[in-house]
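# Working through the structure, step by step
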Amino acid sequence: PRKTETLVYAQLSNRKFENDTQETLPFEERRSGKFQLVGLAQILHSKSGRTSVKVGFQHDEDETDGIDYAYEGNAPLVGINSSLGNGYSLAVDGRFHTRQYLNENAIFGGLRRDEELTVDTRISKLLKGSATELFVEHLRDRSKSNLALFDYDRQVTSAGAVSRF
């Protein structure tokens, strides 16, 4: 039989940025504040147990001290994880995060709106007879914003090893 999992998660944090003071930043630009996130994901495993598919959704709110960074966001999530045989596995996760900022930007004017697409691809190899896994991971993070300063395309490739004891 197929196995399914339901994940419900929440995050609450009170962020304090070190240089977020009156002497260093105008009030509107302060990023310290409260962050909240809630999410739900459903994971469906194949009959063989070698592949799983994830579909989910999360909602987040950033209540910053300064008005320029306070937002409400939503993000559908998708992912697939598959064992390829011979100790290899492949995982691909994606998220489309939309953020609606709550106040007119004090510097640029207008309400900021962001759409961020993140795709994370990872291939790994579990070394035979050990608890060590080698991996290569590529992250693409494309953010489109109606304010040009916040529009970017970032790509990061990393490689490493993880050993479990």
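This write-up is about the structure you can find in this document.

## Observations regarding the layout of surface pockets
- In this structure, the largest pocket encloses a volume near 410 Å³.
- Arg31, Tyr71, Arg99, Tyr101 and Glu116 are the residues nearest the centre of the largest pocket, which is lined by 23 residues in total.
- Looking at the lining of the largest pocket, the elements with two or more residues in it are strand S3 (51-64), strand S5 (88-104), strand S6 (111-126), strand S7 (132-145) and strand S8 (152-163).
- Among the residues forming the lining of the largest pocket, the class breakdown is seven nonpolar, five polar and eleven charged.

## Comments concerning the side chain of Glu116
- Relative to the assigned elements, Glu116 resides in strand S6.
- Here Tyr152 takes part through its side chain, which lies 3.2 Å from a polar atom of the side chain of Glu116.
- Residues within four places of Glu116 in sequence aside, it is in contact with Arg95, Phe96, His97, Arg99, Asp141, Arg142, Ser143 and Tyr152.

## Concerning a nonpolar patch on the surface
- On the surface, Leu84, Tyr88, Leu90, Ile123 and Val136 cluster together into a nonpolar patch covering about 410 Å² of accessible area.
- As for its placement among the helices and strands, Leu84 is situated in strand S4 (residues 71-85).

## Regarding the packing of aromatic side chains
- Counted under the stated rule, the structure contains two aromatic pairs.
- Their ring planes at 85° and their centres at 6.5 Å tell us that Tyr69 and Phe150 sit as a pair that is edge-to-face. One end of the pair, Tyr69, is in the loop between S3 and S4; the other, Phe150, is in the loop between S7 and S8, and 81 residues separate them in sequence. Summarising the burial analysis for this pair, Tyr69 and Phe150 share the class buried.
- Ring centres of Tyr71 and Tyr101 lie 5.4 Å apart, and the angle between their planes is 55°; on these two criteria the pair is classed as tilted. With a gap of 30 residues between them, Tyr71 in strand S4 and Tyr101 in strand S5 connect regions that are remote in the sequence.
- Taking relative accessible area as the criterion, Tyr71 reaches 9% and is therefore assigned buried.
- Tyr101 sits in the buried class, given a relative accessible area of 7%.
- Directly above the aromatic system of Tyr69 lies the positively charged group of Arg31, at a separation of 4.6 Å from the ring centroid.
- Sitting over the face of the ring of Tyr71, Arg99 holds its NZ or CZ atom 5.9 Å from the ring centroid.

## A closer look at the pairing of S3
- Two elements, strand S2 (residues 33-45) and S3, share 13 bridges in a ladder whose sense is antiparallel. Across the sheet, the residue bridging to Gln36 is Glu61, located in S3.
- Hairpin connection, S2 to S3: the antiparallel pair is bridged by five residues, and Gly49 has positive phi, about 80°.
- Two elements, S3 and S4, share twelve bridges in a ladder whose sense is antiparallel. Paired with Phe57 across the bridge in S4 is Pro76.

## Observations concerning the pattern of salt bridges
- All told, the structure shown has twelve salt bridges when counted by the stated rule.
- Between Asp62 and Arg15 there is a salt bridge, with the nearest N and O atoms lying 3.7 Å from each other. Here the residue Asp62 occupies a position in strand S3, and Arg15 occupies one in strand S1 (residues 4-15), the gap between them amounting to 47 residues.
- According to the relative accessible area criterion, Asp62 is buried, its value standing at 9%.
- Here Glu133 makes a salt bridge to Arg122, at a shortest N to O gap of 3.9 Å. Of the two residues, Glu133 sits in strand S7 while Arg122 sits in strand S6, which places them eleven residues apart along the sequence.

Conventions we followed
- Residues numbered from 1 in each chain as written.
- Predicted model: local features only at pLDDT ≥ 70, side-chain atom pairs only at ≥ 80, totals over all residues.
- Heavy atoms only, no water.
- 1 Å grid on protein atoms, 1.4 Å probe; cavity = no way out; pocket = protein on both sides within 12 Å on 5 of 7 lines; lining within 4 Å.
- Points joined across faces, edges and corners; volume = space filled by probe spheres on them.
- Helix = DSSP H or I, 4+ residues; strand = E, 2+ residues; numbered from the N terminus.
- Nonpolar A, V, L, I, M, F, W, Y, C, P; charged D, E, K, R; others polar.
- Polar contact = N/O pair within 3.5 Å; in protein donor to acceptor, adjacent residues only side chain to side chain.
- Contact = heavy atoms within 4.5 Å.
- Patch = residues over 30% accessible without salt bridge, like charges linked within 9 Å, V, L, I, M, F, W, Y side chains within 5 Å.
- Areas by Shrake-Rupley, 256 points an atom, 1.4 Å probe, with all protein chains shown as cover.
- Salt bridge = Lys/Arg side-chain N within 4 Å of Asp/Glu carboxyl O.
- Phe/Tyr/Trp six-rings, centres within 6.5 Å; stacked < 30°, edge-to-face > 60°.
- Buried < 20%, exposed > 50% of the residue type's maximum accessible area, 1.4 Å probe, protein only.
- Lys NZ or Arg CZ within 6 Å of the ring centre and 35° of its normal.
- Pairing = 2+ DSSP bridges.

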